[in-house]
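Observations on the three-dimensional arrangement
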Amino acid sequence: MRITPSLLNADFAKLGEEIARIPSADGIHLDVMDNHFVPNLTFGLPVVESLRAVTDRMLDIHLMIEDPDRWAPGYAEAGAESVTFHSEAVHAPVRLARELHRIGARVGVALNPATPASALSDILSEIDMVTIMSVEPGFGGQPFLDIVLPKVAQIHSMIHSSNLDIWVQMDGGVSPETIERCVDAGADTFVAGSAVFRSPDPDAMVNHLRTLATTRFASCGWGQQ
């Protein structure tokens, strides 16, 4: 069970300090938005390069941008360990996945709430992580969409039946109130933004979320597979 807090809800003026507040996190999730694919603008490659220079933490880049085929390799070249692009935006997913692997990054594919699991059927063997959006992408702090949980279960089943080692990441509205339902559905990696950075003790929240997820995993059916 991995917790990767999103800096979308952190203080953008103190990103290095914000990362230092969550030493127990399994990685740092960075939402790159271009105000085209999603209606918001955050940060791009220069900020990622700056953060790479000041931290050795795993950087989990989530590209909510148009034309990831062009831009995604730059994030891997900057030293990001994981780069995720959206199924709805990519033009040549297999070619891009293989290029990211060549550079040395893990490859993730993200699905918007309305995108079916079948979008992954031809590329599952090429990737390392599936990110299921449990909110509409673009803004932090949105309520969790339970309607995506059957899709999580379907994706988990696809991975298990194919005997592949692929992380299943939930992104959006993850909190102490929702994380156990995500585990029940088959998720093992969790992006938490507002739940972590709006907490009085962000690192304690990271550990609390991981404990909830780990305990649930030990008791749920798929944890015995």
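For the structure given in this document, a descriptive report is provided here. Only a predicted model underlies this, so the values are computations on that prediction, with no experimental measurement involved. (Residues numbered from 1 in each chain as written. Predicted model: local features only at pLDDT ≥ 70, side-chain atom pairs only at ≥ 80, totals over all residues. Heavy atoms only, no water.)

A few points about the pattern of salt bridges
- According to the stated counting rule, one finds eight salt bridges in the structure shown.
- Among the ionic pairs, E18 bridges to R21, the shortest N-O distance being 2.7 Å.
- Given the relative accessible area of 34%, R21 is considered partly exposed.
- As a salt-bridge pair, D184 and R216 come within 2.8 Å of each other at their nearest N and O atoms. Taken together, the residues D184 in helix α6 (residues 179–185) and R216 in helix α8 (residues 202–219) connect sequence positions 32 residues apart. (Salt bridge = Lys/Arg side-chain N within 4 Å of Asp/Glu carboxyl O. Buried < 20%, exposed > 50% of the residue type's maximum accessible area, 1.4 Å probe, protein only. Helix = DSSP H or I, 4+ residues; strand = E, 2+ residues; numbered from the N terminus.)

A word on the side chain of E18
- If you trace the backbone, E18 turns up in helix α1 (residues 15–20).
- Look at E18 and you get buried, because its relative accessible area is 8%.
- Side-chain polar atoms of E18 contact the backbone nitrogen of D11, separated by 2.8 Å.
- Setting aside anything within four residues of it in sequence, one finds E18 in contact with A10, D11 and F197. (Polar contact = N/O pair within 3.5 Å; in protein donor to acceptor, adjacent residues only side chain to side chain. Contact = heavy atoms within 4.5 Å.)

Topic: the pairing of strand β2 (residues 28–33)
- In terms of burial, β2 is largely enclosed, as six of its six residues are buried.
- Here β2 shows a buried face lined by I28, L30 and V32 and a second buried face lined by H29, D31 and M33.
- Inspection of the sheet shows β2 paired to strand β3 (residues 59–64) by six bridges, in the parallel sense. Each bridged residue has a counterpart across the sheet, and for D31 the counterpart in β3 is H62.
- Regarding topology, helix α2 (residues 45–54) serves as the crossover connection from β2 to the parallel β3, and that connection is right-handed. (Pairing = 2+ DSSP bridges. Right-handed = clockwise from strand over helix to strand, strands pointing away.)

Details of the nonpolar core
- Among the nonpolar cores identified, the biggest contains 64 residues, and L7, L30, I61, V83, L120, M170 and F190 are the most heavily contacted of them.
- Discounting residues that sit within four places of it in the chain, L7 has contacts with F12, L15, I19, I28, H29, L30, L51 and F197.
- Core analysis: the second largest hydrophobic core is formed by six residues, L8, M33, M133 and V135 among them. (Core = buried A, V, L, I, M, F, W, Y, C linked by side-chain atoms within 4.5 Å.)

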